[in-house]
Amino acid sequence: MGKNIAGLKNKRELWQRAQGIYVHIPFCLQKCLYCDFISFTCPDREIMDTYADAVCREIAAGGKMEITESPTVYFGGGTPSLLPETSLAKIADELQKHGMWDNLSEKTIEANPGTVNLEKLRFFRRLGFNRISFGVQSLNDGELKAIGRIHTAEEAREALNMAEKAGFDNINADIMYGLPGQDAESLRQTVKGVIGFNLGHISAYGLTLEENTSLARLAASKTVIIPSDDDIFAMYSLLQEMLEKEGYRRYEISNYAKNGRIARHNTVYWHYFPYLGFGTAACSFDGEKRWTGTASVMQYITQARRNDFSYDTEYLTQDEKIGEFMFLGLRMAEGVDLKEAEKRFGIDIMEKFARETASFLDQELLIHDAAAGRLRLSRQGMAVGNRIFEIFVKI
């Protein structure tokens with residue numbers, strides 16, 4: 001892999017340079033019952049330190065594309081807040097050496113309540129993280145227990161309070177609806193509680209029963225009862241009402257921002273811009289292909305020691321690229337820039353998909369703003385987004 005050439009100033013388009021950097025920290029204290037991410041229960045400190053060394057070696061090996069001058073950075077997992085402070089600092093220093101830790105960019109770290117204290121949060125700020133994302137999920141202890149979360153509602157409240165005291169003014173809380181035992185009233189209390197912290201950003205996700213997860217098996221055996229579709233839709237509607245009333249703008253299907261605090265790193269993905277990923281199972285994308293590292297922590301460490309990283313590479317066809325561009329772009333409230341699509345792919349989207357989009361346009365689930373050159377989902381369309389996305393890509 002060649003060295004990255006961040007800092008080169010030219011007139012290349014945004015989709016021709018990496019706009020984001022993702023670092024995967026795969027360690028957890030306990031795997032949540034609904035989780036199908038590449039994550040593992042936390043090993044000892046020595047393995048985490050060795051893993052951090054491996055990530056640094058991969059960063060030093062460079063990227064396969066030019067990187068923009070101020071890329072966003074996102075430490076995700078797993079639970080990045082579990083990594084020892086020295087290991088986090090080591091990775092940040094390596095990113096700095098290679099032009100990927102610019103002070104002006106958004107730098108996010110994910111954290112779970114119950115894994116942080118005020119001292120650790122202040123360390124994150126000193127290191128340069130200027131945004132933190134907490135996996136709150138619920139402020140109901142019964143619901144948290146039902147999905148295998150390790151923290152309590154009180155620990156979630158404490159974490160949000162401490163983050164502000166530590167100097168974070170850009171804080172996100174993830175919440176979920178459709179949880180076992182949840183109803184509209186208990187969701188109302190969670191949303192009300194989270195809103196009370198006046199956070200800049202809230203992500204709200206409907207529970208998905210992923211195949212081969214513990215929760216999917218429990219639901220199949222009726223050991224836990226998932227709310228009905230009607231109840232889930234009532235929760236979904238309640239979320240929109242409560243968040244909008246408090247000034248949160250829904251700028252993406254599952255994401256709400258106040259005072260412009262959108263998740264800039266995530267918009268890299270939704271705009272279908274290139275990005276670089278480092279760590280176990282991390283994925284990179286250059287606009288033409290994706291390459292993904294090994295999902296084995298020990299194999300990843302072995303590759304790093306040999307300075308010989310191997311990747312599974314997926315080369316995308318033109319139709320696949322167009323489909324992914326549309327699917328991801330339509331997740332955003334602003335929708336897809338049709339002129340950009342024509343510039344990137346040399347096609348007229350409305351002409352190519354005229355037959356497929358016709359009924360959704362007639363029902364006003366899709367809105368074509370010809371003057372602005374955009375195609376977007378309506379408010380009603382966002383509720384049935386998956387049906388519309390299938391026009392463009394099978395998901």
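Residues numbered from 1 in each chain as written. Predicted model: local features only at pLDDT ≥ 70, side-chain atom pairs only at ≥ 80, totals over all residues. Heavy atoms only, no water.

## Quick word on empty space enclosed by the protein
Next, step 1: Taken as a whole, this structure holds one cavity of 30 Å³ or more when the rule is applied.
Next, step 2: Here the residues of the lining of the largest cavity sort into five nonpolar, five polar and one charged. (1 Å grid on protein atoms, 1.4 Å probe; cavity = no way out; pocket = protein on both sides within 12 Å on 5 of 7 lines; lining within 4 Å. Points joined across faces, edges and corners; volume = space filled by probe spheres on them. Nonpolar A, V, L, I, M, F, W, Y, C, P; charged D, E, K, R; others polar.)

## Topic: the nonpolar core
Next, step 1: The biggest cluster of nonpolar side chains holds 111 residues, and the ones touching the most others in it are Phe-75, Ile-91, Leu-95, Phe-124, Ile-132 and Phe-134.
Next, step 2: Ranked by residue count, the leading element in this core is helix H1 (residues 45-61), at seven residues.
Next, step 3: For Ile-91, the residues in contact, after removing those within four places along its chain, are Val-23, Ile-25, Ala-52, Val-55, Cys-56, Ile-59, Phe-75 and Leu-83.
Next, step 4: Core analysis: the next-biggest nonpolar cluster, separate from the first, contains seven residues, Leu-179, Leu-207, Ala-219 and Val-224 among them. (Core = buried A, V, L, I, M, F, W, Y, C linked by side-chain atoms within 4.5 Å. Buried < 20%, exposed > 50% of the residue type's maximum accessible area, 1.4 Å probe, protein only. Helix = DSSP H or I, 4+ residues; strand = E, 2+ residues; numbered from the N terminus. Contact = heavy atoms within 4.5 Å.)

## Let's talk about the layout of surface pockets
Next, step 1: In this structure, the second largest pocket occupies an estimated 280 Å³ of space.
Next, step 2: Along its surface, the second largest pocket is lined by 16 residues, and Trp-15, Gln-16, Asp-286, Gly-287 and Glu-288 are the ones closest to its centre.
Next, step 3: Among the elements that line the lining of the second largest pocket, the one with the most residues is helix H12 (residues 338-345), at three residues.
Next, step 4: Within the lining of the second largest pocket, the residues separate by chemical class into five nonpolar, three polar and eight charged.

## Details of the packing of aromatic side chains
Next, step 1: In the structure shown here, the tally under the stated rule is 18 aromatic pairs.
Next, step 2: Aromatic side chains Tyr-51 and Tyr-300 sit 5.5 Å apart centroid to centroid with 40° between the ring planes, which places their arrangement in the tilted category. You can see Tyr-51 sitting in helix H1 and its partner Tyr-300 sitting in helix H10 (residues 297-306), a full 249 residues away along the chain. Each of the two residues, Tyr-51 as well as Tyr-300, counts as buried. (Phe/Tyr/Trp six-rings, centres within 6.5 Å; stacked < 30°, edge-to-face > 60°.)

## Quick word on the confidence of the model for the chain
Next, step 1: Looking at the chain as a whole, its pLDDT mean stands at 92, while 95% of the residues score no less than 70.
Next, step 2: For residues 1-9, every residue scores under 50 in pLDDT, and the model assigns this stretch 30 contacts once sequence neighbours within four places are set aside. (pLDDT = per-residue confidence, 0-100.)

## Regarding the packing of H1 against H10
Next, step 1: Two numbers describe how H1 lies on H10: the axes approach to 9 Å, and their chain directions differ by 50°. Comparing the axis directions of H1 and H10 gives the class oblique. Between H1 and H10 lies a crossing of left-handed hand. On H10, the residues that touch Ile-47, Thr-50, Tyr-51, Ala-54, Val-55, Arg-57 and Glu-58 of H1 are Val-297, Tyr-300, Ile-301, Ala-304 and Arg-305.
Next, step 2: Its residues placed into classes, the contact of H1 with H10 shows eight nonpolar, one polar and three charged. (Axes fitted to C-alpha atoms, helices over the stretch in contact; angles between N-to-C directions. Parallel < 35°, antiparallel > 145°, perpendicular 65-115°, else oblique. Left-handed = near helix turned anticlockwise from the far one by under 90°.)

## Focus on the environment of Ser-186
Next, step 1: Inspection of the secondary structure assignment puts Ser-186 in helix H6 (residues 184-195).
Next, step 2: In the structure, Ser-186 is positioned 57 residues away from Phe-129 in sequence and 33 Å away in space, judged by C-alpha atoms.

## Comments concerning the pairing of strand S4 (residues 67-77)
Next, step 1: A large share of S4 lies buried, amounting to nine of its eleven residues.
Next, step 2: Bridge count between strand S1 (residues 18-25) and S4: seven bridges; the pairing is parallel. Counted as the bridge partner of His-24 is Gly-76 from S4.
Next, step 3: In terms of strand pairing, S4 meets strand S5 (residues 107-111) through three bridges, oriented parallel. Bridged to Val-73 within S5 is Lys-107.
Next, step 4: At this point the chain moves from S4, through helix H2 (residues 85-97), to the parallel S5, and the crossover so formed is right-handed. (Pairing = 2+ DSSP bridges. Right-handed = clockwise from strand over helix to strand, strands pointing away.)

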